Amino acid sequence: MKKKRKRKKILWVEDDAWAIQGLMLPIIHSGVEVEIVETYTDALEKLEIGEAFDAFVVDLILPLARDAESDISTQGEQDKYLGVSLVKEIKARWPEAPVFVLTVVSDDAVFKALADLEVTHILHKPILPSELQDILLGMIRD
Amino acid sequence: MSDLLQLLKDFLPVEVAVIAAIFIYLLLLFKGIAEKFISIAERQTRLAEMQAKYLQERLNVVEKTLGISDRAFDLQEKQIRKLQEITQQQQDELAESIMAKQVAEARLTEAEERYQEAVLALDLKAQQVVELQAAQTRVELTSRAEAIARLAHELLLPVQSVMADADNLRAAEKLDLVPEERAHIAKRIINQMQRLALQLQNARVSVGIGEEEIYSPTNFSMYGLVQECINLFIDEARAKQVILQVESISPDDSFTVTGDKSKLRLALCNVIGNAVKYSFGGTDVTVRIERKDGSTRVIVANTGLGISSEEMEKIIELGYRVPLGLDRSRTGTGMGLLVAKQIISAHSGQLQLLSSERTNQGYRTVFEIVLPSTHQEISQ
């Protein structure tokens, strides 16, 4: 009996998720499941429960959390690019998983840190969904 | 003498008479001489007296002269003393003048030193002012650069959305998009372009803050304007699982106000857009319209990150622009509330933070916009 092919799944971490619906549309249409989380804490929870993903798309500028405890004043300068910390956490748990950074940031020090973490791609917004689809699906296709 | 002798002979013997006669004669002779001498003596006495008188007179004259001389001498002495006093006084005054001159010269020297110090201090101040101005210019340039960077970052979001949707519409057939999906995408493009326009308007008004703005007042429905803003943010709210709704205690009232509709739309959408932007999922944003005390009030409440009274004071009361930079929890240019405040104030209205209280779901934050219901002159 032929084993049913498992549907690919991406964890997409983006705090302005509503604004990138168009970017996700071709990927979703191609049959890939996209799970969206908007904060660093929410993404970390997904990692900690051991949920498996075929790829990760991470924005660099992320809120720590969205709850009553989360306040801008408690988020220090070291947390400016929480996306970098998140990539570190992802790579610690899923060293082989493709990680795509999708950002408006253009900071050489950040890019260097991301290169050290062996990020698959650093993609700059704005990007066409067709272009993103080609890059992303190219990495997770069987 | 013979007569005398005859007379004597009558009484005396002749010899005695002769002797007596001689004797008498001699007496008489002596008497005459004596009288002569007396006369001479008297004349001499008179002469002496005259001389004495003359001398006395001379003496008197001399004495008088001497008296006059004494007085003149006294006078001269007095004058001399006076002159001496004057001279002394002048000498004293001269000494004082010399001292005063020396003091004045010392003061002048001191003043010159102070002047030099003041000139140096002034130079230093001028240098500090120049440095301060340069620093201020650097801060302003940095602030402007940061504002531009932040605006660019904010604009990239709708640009990304529009680009993606346009690309998807181009590939609609390949993606098998049904007409409803295509219409939804097209609507989203329009929506994003409207939001882009709002941000550009904010940037324009923000740059022009303090300068004259042109206001074109008309009568319009505040209820309709609220609906326009809600339509603009409803998709974002839905995507975040936030319920965005309008409440009106008088459903039949269109809440007509007088003002520049375009600018008040910008102000209202800034406040409502902020409420949606900073809301947590699973909460609601309510916009309530009411009339109270001759004014139209729009009360916008949301639950999310909240805003501290200090931040609010800086933004609303002091016209402070939120520190720029790419913060994690609150993206935005930070100029929305400031622009809203400016526009509402120009309509003789008020924008105020009523409360921001912590709840189980987050901070319940309530903003109130108060606009006069009657016609008001718009202050530039």
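Quick caveat: nothing in here was measured; it's all calculated off a predicted structure.

**Looking at the overall build of chain B**
Each helix and strand in chain B was counted, giving seven helices and seven strands. Secondary structure elements of chain B, listed N to C terminal, follow the sequence α-α-α-β-α-β-β-α-β-β-α-α-β-β. For chain B, the proportion of its 380 residues judged to be buried stands at 34%. Total accessible area on chain B is roughly 23,300 Å²; 58% of this is exposed by carbon and sulfur atoms.

**Concerning the overall build of chain A**
Along its length, chain A carries five helices and five strands. What you see in chain A, going N to C, is helices and strands ordered as β-α-β-α-β-α-β-α-β-α. Burial statistics for chain A: of 142 residues in total, 54% are counted as buried. In chain A, the share of contacts with a sequence separation of at least 24, taken over all contacts with a separation of at least 6, comes to 66%. Accessible surface computed for chain A: about 6,800 Å², of which carbon and sulfur atoms make up 50%.

**Side note on empty space enclosed by the protein**
What the rule picks out here adds up to six cavities of 30 Å³ or more. Roughly 110 Å³ of volume is contained in the largest cavity. Taken together, 12 residues form the lining of the largest cavity, with Asp16, Asp59 and Lys125 of chain A together with His153 and Leu157 of chain B sitting closest to its centre. The element that contributes the greatest number of residues to the lining of the largest cavity is helix 2 (residues 14-170) of chain B, accounting for three residues. When its residues are assigned to classes, the lining of the largest cavity shows three nonpolar, three polar and six charged.

**Regarding the sheet that holds strand 7 (residues 363-372) of chain B**
Residues and elements named next belong to chain B. The strand order across the open sheet formed by five strands is 2-4-5-7-6, and the pairing between neighbours is mixed. Looking at the sheet topology across the chains shown, the edges are occupied by strand 2 (243-248) and strand 6 (350-358). Averaged over all pairs of adjacent strands, the angle between their axes in this sheet comes to 15 degrees, without regard to strand direction. Relative to strand 4 (residues 284-292), strand 2 runs parallel, the two sharing six bridges. Bridging from a neighbouring strand, isoleucine 243 pairs with aspartate 284 of strand 4. Relative to strand 2, helix 4 (residues 222-239) is tilted by about 165 degrees, and along the sheet it contacts strand 2, strand 4, strand 5 (295-304) and strand 7. Together, strand 2, strand 4, strand 5, strand 6 and strand 7 form the strand contacts of helix 5 (residues 261-277), whose direction differs from that of strand 5 by roughly 25 degrees.

**A closer look at the nonpolar core**
All names here are of chain B. Met222, Val226, Leu244, Leu268 and Ile272 are the most contacted members of the largest nonpolar core, which totals 48 residues. Looking at this core, the elements that each hand over two or more residues are helix 2, helix 3 (179-207), helix 4, helix 5, strand 4, strand 5, helix 7 (336-346) and strand 7. With near-sequence residues (within four places) excluded, leucine 268 lies in contact with Met222, Leu225, Val226, Cys229, Val298 and Ile369.

**Overview of the state of the cysteines**
Chemically, a disulfide is nothing more than a covalent bond linking the sulfur atoms of two cysteines. Residues and elements named next belong to chain B. Under the criterion given, the structure shown has one disulfide over all chains. Shown here is the disulfide that connects cysteine 229 with cysteine 269, its sulfur atoms set 2.2 Å apart. Of note, the bridge from cysteine 229 to cysteine 269 carries an S-S torsion of about -95 degrees and is left-handed in sense. Taken together, the positions of cysteine 229 in helix 4 and cysteine 269 in helix 5 put the pair 40 residues apart, joining distant regions of the chain.

**Observations regarding a nonpolar patch on the surface**
All names here are of chain B. A surface patch of nonpolar side chains, about 850 Å² in accessible area, is lined by Met1, Ile22, Tyr25, Leu26, Leu29, Phe30, Ile33, Phe37 and Ile40. With respect to the helices and strands, the residue isoleucine 40 is situated in helix 2. Judged by relative accessible area, isoleucine 40 falls into the partly exposed class, the value being 34%.

**A closer look at the pattern of salt bridges**
A side chain with one charge can pair with a side chain of the opposite charge if their charged atoms come near. Residue and element names in this part refer to chain B. Evaluated as defined, the whole model comprises 23 salt bridges over all chains. In this structure, arginine 81 and glutamate 77 form a salt bridge, with 4.0 Å as the shortest nitrogen-oxygen distance. Here arginine 81 and its partner glutamate 77 are both found in helix 2, four residues apart, which amounts to about one turn of the helix. Under the relative-accessibility criterion, arginine 81 is labelled partly exposed at 41%. Its relative accessible area of 32% is what places glutamate 77 among the partly exposed residues.

**Some points on the confidence of the model for chain A**
Confidence in the prediction for chain A averages 86 pLDDT; 87% of positions are at 70 or higher. Within chain A, no element has a lower average pLDDT than helix 4 (residues 108-116) of chain A, which sits at 90, and none a higher one than strand 3 (residues 55-58) of chain A, at 96.

**Remarks on the confidence of the model for chain B**
Residues and elements named next belong to chain B. The predicted model of chain B has a mean per-residue pLDDT of 84, with 91% of residues at 70 or higher. The low-confidence segment residues 321-331, where pLDDT is below 50, has 47 contacts with residues more than four positions distant or belonging to other chains. Our summary of model confidence lists the complex with pTM equal to 0.68 and ipTM equal to 0.87.

**A word on the environment of alanine 203 of chain B**
Residues and elements named next belong to chain B. Of note, alanine 203 is situated in helix 3. Note on alanine 203: relative accessible area 11%, which makes it buried. Distance from alanine 203 to glycine 336, taken between C-alpha atoms, is 8.9 Å for residues 133 residues apart in sequence. With near-sequence residues (within four places) excluded, alanine 203 lies in contact with Leu151 and Met335.

**Topic: the sheet that holds strand 2 (residues 33-37) of chain A**
All names here are of chain A. Taken together, five strands build an open sheet; the order of strands is 2-1-3-4-5 and the sheet is parallel. A strand with exactly one partner marks an edge of an open sheet, and here the two such strands are strand 2 and strand 5 (121-124). Neighbour-to-neighbour, the strand axes of this sheet turn through a mean angle of 20 degrees, independent of strand direction. In this structure, strand 1 (residues 9-13) lies alongside strand 3, joined through four bridges in parallel fashion. Along strand 3, the bridge assignment pairs valine 13 with valine 58. Running at roughly 130 degrees to strand 2, helix 2 (residues 40-48) makes contact with strand 1, strand 2 and strand 3 of the sheet.

The rules we used
- Residues numbered from 1 in each chain as written.
- Chains lettered and ligands numbered in written order.
- Predicted model: local features only at pLDDT ≥ 70, side-chain atom pairs only at ≥ 80, totals over all residues.
- Heavy atoms only, no water.
- Helix = DSSP H or I, 4+ residues; strand = E, 2+ residues; numbered from the N terminus.
- Buried < 20%, exposed > 50% of the residue type's maximum accessible area, 1.4 Å probe, protein only.
- Areas by Shrake-Rupley, 256 points an atom, 1.4 Å probe, with all protein chains shown as cover.
- Contact = heavy atoms within 4.5 Å.
- 1 Å grid on protein atoms, 1.4 Å probe; cavity = no way out; pocket = protein on both sides within 12 Å on 5 of 7 lines; lining within 4 Å.
- Points joined across faces, edges and corners; volume = space filled by probe spheres on them.
- Nonpolar A, V, L, I, M, F, W, Y, C, P; charged D, E, K, R; others polar.
- Pairing = 2+ DSSP bridges.
- Axes fitted to C-alpha atoms, helices over the stretch in contact; angles between N-to-C directions.
- Core = buried A, V, L, I, M, F, W, Y, C linked by side-chain atoms within 4.5 Å.
- Disulfide = S-S within 2.5 Å.
- Patch = residues over 30% accessible without salt bridge, like charges linked within 9 Å, V, L, I, M, F, W, Y side chains within 5 Å.
- Salt bridge = Lys/Arg side-chain N within 4 Å of Asp/Glu carboxyl O.
- pLDDT = per-residue confidence, 0-100.

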